[in-house]
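# Inside the fold
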Amino acid sequence: MPRPTVIIPGYFASFKDYQELGQFLQREGIPTHIVPIKKRDWLPTVGGRSMVPILRKINTTVQQTRLEYSSDQVNLIGHSAGGWIARIYMGEKPYTIHNDVKEDTQGLWNARPYIKSLITLGTPHISQEQWTRKNLDFVKFNYPGAFYEDIRYICIAGKAIMGGRKRGQLLAYNSYKITVGVGNTWGDGITPIEAAHLEGAENITLDNVWHSPRSPGKWYGSLEVIPEWIEKLN
């Protein structure tokens, strides 16, 4: 049996947004669970606050998946913010930068032994946006690049639209600019390619792939796109 996989939703996304992706993986024989995050579960994290509530849900799902399939390790798929939150979860450094962890830290981080591979889909691994920098700087400075040699990192970016100051390009321009400081670059409409890749990882760029299910075109989890990266789970 292939190693089981856990999908981590992106920021303010619901587990329901990933059901089609999860069902596809299941049909391909890959045991898959989605972290059961609802949109309201993100509310305590607004404004760059702590991701502890999300980390708890991730750990519960990972441990339940390991138990269900009698597997020592799982693969993680992190979409958007789910990718960098996964890097906090895997790392051994205490995630105490928000001063909200007093006790019961088991499962909030140091999950490296349980993870075989991390696939990130449109994840902004860097950002200049003031509300996300505190969390992302914690990841960047403590776990730069594909940090753990025993974990396989696959970072997938979409090349769907060039940011610009013209109609139809402005949202992408603004999103890219607050992420990497430059708006007129390529990306998936939200995350520029530069931010979606990590040094030392297996970095992949997919043409005409947008950021999320709510994007105007096909996204990383579209049925015609999944076959372009599913083999990385093996």
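Structure's up top.
Residues numbered from 1 in each chain as written. Predicted model: local features only at pLDDT ≥ 70, side-chain atom pairs only at ≥ 80, totals over all residues. Heavy atoms only, no water.

A few words on the overall build of the chain. Assigned secondary structure in the chain consists of six helices and eight strands. In the chain, the succession of α and β elements from N to C terminus is β-α-β-α-β-α-β-α-β-β-α-β-α-β. Computed over its C-alpha atoms, the radius of gyration of the chain comes to 17 Å, within 12% of the 17 Å expected for a compact globule of 234 residues. Along the first, second and third principal axes, the C-alpha atoms of the chain reach 50 × 45 × 35 Å. Taken over 234 residues, the chain has a buried fraction of 54%. With an accessible surface of roughly 11,000 Å², the chain has 48% of that area assigned to carbon and sulfur atoms. (Helix = DSSP H or I, 4+ residues; strand = E, 2+ residues; numbered from the N terminus. Rg over C-alpha atoms; globule rule 2.2 N^0.38 Å. Buried < 20%, exposed > 50% of the residue type's maximum accessible area, 1.4 Å probe, protein only. Areas by Shrake-Rupley, 256 points an atom, 1.4 Å probe, with all protein chains shown as cover.)

Overall, the coordinates contain eight salt bridges when judged by the stated rule. Residues Lys232 and Glu231 are paired through a salt bridge, measuring 3.8 Å at the closest nitrogen-oxygen approach. Judged by relative accessible area, which is 51%, Glu231 ranks as exposed. Several salt bridges share partner residues, and in doing so they unite Arg152, Glu202, Glu231 and Lys232 into one network. (Salt bridge = Lys/Arg side-chain N within 4 Å of Asp/Glu carboxyl O.)

A separate point is the layout of surface pockets. There is about 690 Å³ of room inside the largest pocket. Lining the largest pocket are 37 residues, with Ser80, Pro124, Ser175, Ile190 and His211 positioned closest to its centre. At the level of secondary structure, the elements contributing two or more residues to the lining of the largest pocket comprise helix 3 (81-90), helix 4 (130-142) and helix 5 (170-180). It is helix 5 that contributes the most residues to the lining of the largest pocket, five residues altogether. When the residues that make up the lining of the largest pocket are grouped by side-chain class, the tally is 17 nonpolar, 17 polar and three charged. (1 Å grid on protein atoms, 1.4 Å probe; cavity = no way out; pocket = protein on both sides within 12 Å on 5 of 7 lines; lining within 4 Å. Points joined across faces, edges and corners; volume = space filled by probe spheres on them. Nonpolar A, V, L, I, M, F, W, Y, C, P; charged D, E, K, R; others polar.)

Across the sheet, six strands lie side by side as 2-1-3-4-5-8; this open sheet has parallel pairing. Of all the strands in the sheet, just strand 2 (32-34) and strand 8 (202-207) have a single pairing partner and so form its edges. Each strand axis lies, on average, 20° off the axis of its neighbour in the sheet, ignoring direction. Pairing geometry for strand 3 (residues 74-79) and strand 4 (residues 115-121), over six bridges, is parallel. Bridging from a neighbouring strand, His79 pairs with Leu121 of strand 4. Here helix 3 sits on the sheet and contacts strand 1 (5-8), strand 3, strand 4 and strand 5 (152-159); the angle it forms with strand 3, its principal contact strand, is near 140°. (Pairing = 2+ DSSP bridges. Axes fitted to C-alpha atoms, helices over the stretch in contact; angles between N-to-C directions. Contact = heavy atoms within 4.5 Å.)

Turning to the pairing of strand 3, a few remarks are in order. Taken residue by residue, a regular strand's side chains alternate between the two faces of the sheet. Within strand 3, six of the six residues are buried, which leaves it mostly tucked inside the rest of the structure. Here strand 3 shows a buried face lined by Val74, Leu76 and Gly78 and a second buried face lined by Asn75, Ile77 and His79. In this structure, strand 1 lies alongside strand 3, joined through four bridges in parallel fashion. In the sheet register, Ile8 faces strand 3, and the bridge partner there is Gly78.

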